[in-house]
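Below, each chain spelled out in residue letters.
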Amino acid sequence: MKVKKAVIPAAGLGTRMLPATKTVPKEMLPMVDKPAIQYIVEEAVAAGIEDILIVTNRAKSAMDDYFDYYPELEDRLNASRKERELAEVRRAADLANIFYVRQKETKGLGHAIWRAKHFVGDEPFAVLLGDDIMRAKTPVIGQLIQAAEKYQCSAVGVQEVSTESISRYSSVKVEPLESNVFTVSDVVEKPLREQIFSNYAILGRYVLYPCIFDILEDLKPGVGGEIQLTDGLRQLCQRKRMVAVDFEGRRYDTGNVTGFLEATIDFALDHPLTEKWLKAYIKEKAKEL
Ligand code: G1P
């Protein structure tokens, strides 16, 4: 079955980016000239997704406004012949069919995904976490969709991380299937040293079957007292086939200041408006260090 829908959970409180995120949603912070959330939406669209549900909360209405038309601004840009800006402003609003649902209580990632139940219906769907921004030749979620369609099953995006850092992620128990694809038989969220299955961590991309919703509905809070998606995946992979794709591409954790800066610099080095200037600036700066 084709994957045409995506869910982007974006209801976190942004506590790692305070004080900036006290009043501006972290997903709306600009990376070069676009808000972070637009990179995620563009990745989904590039992978053939048509309908996107963003799970928000009461402090995030700037996101709905961003993906809407803004007639007064567009008229002004038109009148002053700012064609590039006008095209970019319109493009953001026309990227995809974007829907919103609120997570009324901050109860964890699993709970946020569960809010997508009615939007998803009975098709497999993609999940892209708002903090994990990717730079890849082929959209990372597209790499997962390919594997999920080939094996007709759920898929998670993984990469190897160090033993010291895996306790910040989830660890996946894997057996080789083909080149960069593995069969998943277990997963654990924020593992203690003795719980680590492998150094493959799930990094923010999933293709899931709707049976995950029945599992999430009955899930008890896990690590940090939150309903964890990983605990749901643990049951899902024990009931049905799940694969892990060791994806090509670089992942940035833009939920913290250093990851956000790394992504901003790398995207600015790729951007026609900033590339030349930034290279010269970095060379100049390096002399002072
Ligand atoms: C979440 C997931 C975790 C995953 C991580 C990176 O954790 O719960 O399994 O490895 O994202 O994508 P969080 O960063 O919200 O603590």
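Residues numbered from 1 in each chain as written. Predicted model: local features only at pLDDT ≥ 70, side-chain atom pairs only at ≥ 80, totals over all residues. Heavy atoms only, no water.

A few points about the overall build of the protein
Each helix and strand in the protein was counted, giving 11 helices and 13 strands. For the C-alpha atoms alone, the extent of the protein along its principal axes is close to 60 × 50 × 35 Å. Within the protein, the proportion of its 289 residues that are buried is 49%. For the protein, restricting intrachain contacts to residue pairs at least 6 apart in sequence, the fraction spanning at least 24 positions comes to 76%. Accessible surface, the protein as shown: approximately 14700 Å² in total, 52% of it carbon and sulfur. In the protein, 40 positive and 43 negative side-chain charges are present, and the distance between their average locations comes to 2 Å. (Helix = DSSP H or I, 4+ residues; strand = E, 2+ residues; numbered from the N terminus. Buried < 20%, exposed > 50% of the residue type's maximum accessible area, 1.4 Å probe, protein only. Contact = heavy atoms within 4.5 Å. Areas by Shrake-Rupley, 256 points an atom, 1.4 Å probe, with all protein chains shown as cover. Lys, Arg positive; Asp, Glu negative; His and termini not counted. Charge placed at Lys NZ, Arg CZ, Asp CG, Glu CD.)

With respect to the site of the ligand
Around the ligand lies a shell of 13 residues, among which Ser-170, Glu-189, Lys-190, Ile-202 and Gly-204 are the nearest. Residue Ser-170 places a side-chain N or O atom 2.9 Å away from an oxygen atom belonging to the ligand. Alone, the ligand offers 390 Å² of accessible surface; in the complex the protein occludes 77% of this. Partitioned by chemical class, the residues of the shell around the ligand number 5 nonpolar, 4 polar and 4 charged. (Near = heavy atom within 4 Å. Polar contact = N/O pair within 3.5 Å; in protein donor to acceptor, adjacent residues only side chain to side chain. Nonpolar A, V, L, I, M, F, W, Y, C, P; charged D, E, K, R; others polar.)

Focus on the nonpolar core
Counting residues in hydrophobic clusters, the biggest one holds 49 residues, and the most contacted among them are Ile-52 and Ile-54. Per-element accounting of this core gives the leading share, 7 residues, to helix H7 (residues 140-151). Grouped together as the second largest cluster of nonpolar side chains are 34 residues, Leu-53, Val-172, Tyr-200 and Leu-208 included. (Core = buried A, V, L, I, M, F, W, Y, C linked by side-chain atoms within 4.5 Å.)

Overview of the packing of helix H3 (residues 71-79) against helix H4 (residues 83-94)
Interaxial distance between H3 and H4 falls to 8 Å at its minimum, and their mutual angle equals 155°. Taken together, the axes of H3 and H4 lie roughly antiparallel to each other. As for the relative orientation of H3 and H4, their crossing is left-handed in sense. Where H3 abuts H4, its residues Leu-73, Glu-74, Leu-77 and Asn-78 lie against Glu-85, Leu-86, Val-89 and Arg-90. For the contact of H3 with H4, a count of residues per class yields 4 nonpolar, 1 polar and 3 charged. (Axes fitted to C-alpha atoms, helices over the stretch in contact; angles between N-to-C directions. Parallel < 35°, antiparallel > 145°, perpendicular 65-115°, else oblique. Left-handed = near helix turned anticlockwise from the far one by under 90°.)

Quick word on the packing of aromatic side chains
Per the counting criterion, the structure on display carries 7 aromatic pairs. Considering the side-chain rings of Phe-125 and Phe-213, the 5.3 Å spacing of their centres and the 15° angle between planes classify their relative orientation as stacked. Remark: Phe-213 occurs in helix H8 (residues 212-217) and Phe-125 occurs in strand S6 (residues 125-128); sequence separation between them is 88 residues. With respect to class, Phe-125 is no different from Phe-213; both count as buried. A cation over a ring is seen here: Lys-34 above Tyr-39, with NZ or CZ 4.6 Å from the ring centre. One residue, Arg-90, lies across the ring of Tyr-69, its end atom 3.8 Å from the ring centre. (Phe/Tyr/Trp six-rings, centres within 6.5 Å; stacked < 30°, edge-to-face > 60°. Lys NZ or Arg CZ within 6 Å of the ring centre and 35° of its normal.)

Geometric values such as these leave the question of function open.
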